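# Coordinate inspection notes
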Amino acid sequence: MTEHKIAPGDIVDMHAHVYPDGCFDEILETRPEFALIRSERGLSLTCRGSHTMSAPANADLSERLGTMDEAGVKVEVLSVGALDTGWAGPATARLVNDGLARICREYPDRFRFVAALPFTSTAALVDELDRAMSMGAVGACITTTVGGHTLDSPELGEFWREAHCRRLLVLVHPTFPVDGPADDRGEYLSVGYLGETAMAATKLALGGVLEECPDVRVVWSHCGGSLCMVLDRVDRGYRRYEKCLHPPSEYLRRCWYDTVTVSGPALDCARATFGADRLVYGTDEPHVPDGSKAVLATLRGRPWPEAEKAAILSDTARGLLE
């Protein structure tokens, strides 16, 4: 697939979603705890009666392009976000990647995608990653837990070692954990998901994964969730963890964090904690109402040096994607 180069100054949205038709089918067929609710707004995936993620109806892409143009966004990096492909097999990952790659072929100057992966075996994971990269994937997207496993679990060790060897870009999106509350109306998605991101990042650091695999280029969603509020607490107890050789903050400040928030103080906190050079623009399009423009306005309204904001909107993402 021929991709157009992203020019200096082009705004890049690192956190945007499209849900190919059929991406939930395998999970619904094999996992009885999951169900799908349909409404005029799209689909909602539930787990034991709890709302876990929404999948807005796939509108005509011309509408998405119009939204991007209005906000001045040149390129979106597409994923299926909170969909935990660890609950499914290789068929779901193939379906997702085929669907996202098709969009990128149709609009090569406007979209990139990160691959969904199967976790049934190392061979299946590597085969699908190779196939997705051959179709133009710029990295992979995983969730904060994968099929019930935390990100530092031995079951994911081969994934991280493979990602390290490839210097893979890995976007991490929060998801509903296997022990999440039943019959939750969406409060956990709104609030708990931010804690899921902080916990996943903490486990990667304390579990030694970021020490063993330093070349993985990890991007955490939603400004790192609640991580910037608790990072000092995590640092205090790290000496109990033999695989974590340095304070967790040292590892986590080598990661990147997207700007999916419309709260100026939250952006200020992320910048103060991780550094402006570790932030990349992201919108959660199409989930945040008018997200592209709202997040952009919030970011541009911060009293930060203009060079920092320009790098967040374009240059840092370009460096990760090219």
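Placed above this text is the structure.
Figured I'd write up the structure that's included with this text. (Residues numbered from 1 in each chain as written. Predicted model: local features only at pLDDT ≥ 70, side-chain atom pairs only at ≥ 80, totals over all residues. Heavy atoms only, no water.)

## Focus on the sheet that holds strand β1 (residues 11-17)
As a general point, the strands of a sheet are linked pairwise by backbone hydrogen bonds and lie either parallel or antiparallel. Ordered by their spatial adjacency, three strands build an open sheet running β1-β5-β6, and the pairing between neighbours is parallel. Both edges of this open sheet fall to β1 and β6 (111-113), since each of them pairs with a single strand only. On average, adjacent strands in this sheet sit at an angle of 25 degrees to one another, irrespective of strand direction. Here three bridges tie strand β5 (residues 73-79) to β6, and the two strands are oriented parallel to one another. Looking at the pairing, L78 lines up with F113 of β6. Contacts between helix α12 (residues 306-321) and the sheet are confined to β1 and β5, with β1 contributing the most and set at about 70 degrees to the helix. (Pairing = 2+ DSSP bridges. Helix = DSSP H or I, 4+ residues; strand = E, 2+ residues; numbered from the N terminus. Axes fitted to C-alpha atoms, helices over the stretch in contact; angles between N-to-C directions. Contact = heavy atoms within 4.5 Å.)

## Some remarks on the pairing of strand β11 (residues 217-220)
Burial of β11 is two-sided: the residues R217 and V219 facing one way and the residues V218 and W220 facing the other way are all buried. Examined bridge by bridge, strand β10 (residues 169-173) and β11 share four bridges and lie parallel to one another. Across the sheet, L169 pairs through a bridge with R217, a residue of β11. In this structure, β11 lies alongside strand β12 (residues 256-258), joined through two bridges in parallel fashion. By the bridge assignment, W220 is partnered in β12 with Y257. (Buried < 20%, exposed > 50% of the residue type's maximum accessible area, 1.4 Å probe, protein only.)

## Looking at the sheet that holds β11
Strand order in the open sheet formed by five strands is β7-β10-β11-β12-β13, and the pairing between neighbours is parallel. Only two strands of the sheet have a single neighbouring strand rather than two, namely β7 (140-143) and β13 (279-280). Running over the sheet, helix α5 (residues 157-166) touches β7, β10 and β11 and is turned about 140 degrees from β10.

## What about α5?
Listed as buried for α5 are G157, F159, W160 and A163. The buried residues of α5 occupy an angular sector of 160 degrees when projected down its axis, which confines them to one face. Residues of α5 that are buried sit in contact with α4 (122-134), β7, β10, α6 (187-206), α7 (209-212) and β11. Directly beyond the C-terminal end of α5, a positive phi value near 55 degrees is found at R167. (Arc of directions from axis to C-beta.)

## Observations concerning the packing of aromatic side chains
All told, the structure shown has seven aromatic pairs when counted by the stated rule. With a centroid separation of 6.1 Å and 80 degrees between ring planes, the pair formed by Y107 and F111 is classed as edge-to-face. Since its relative accessible area comes to 1%, F111 is described here as buried. Centroid distance F159 to W160: 4.9 Å. Interplanar angle 65 degrees. Geometry classified as edge-to-face. The burial state of F159 is the same as that of W160; both residues are buried. Of the aromatic side chains, those joined through ring pairs into one cluster are F119, F159 and W160. Here R278 stacks its cationic end above the ring of W256, 4.3 Å away from the centre of that ring. (Phe/Tyr/Trp six-rings, centres within 6.5 Å; stacked < 30°, edge-to-face > 60°. Lys NZ or Arg CZ within 6 Å of the ring centre and 35° of its normal.)

So yeah, pure geometry; function would need other evidence.
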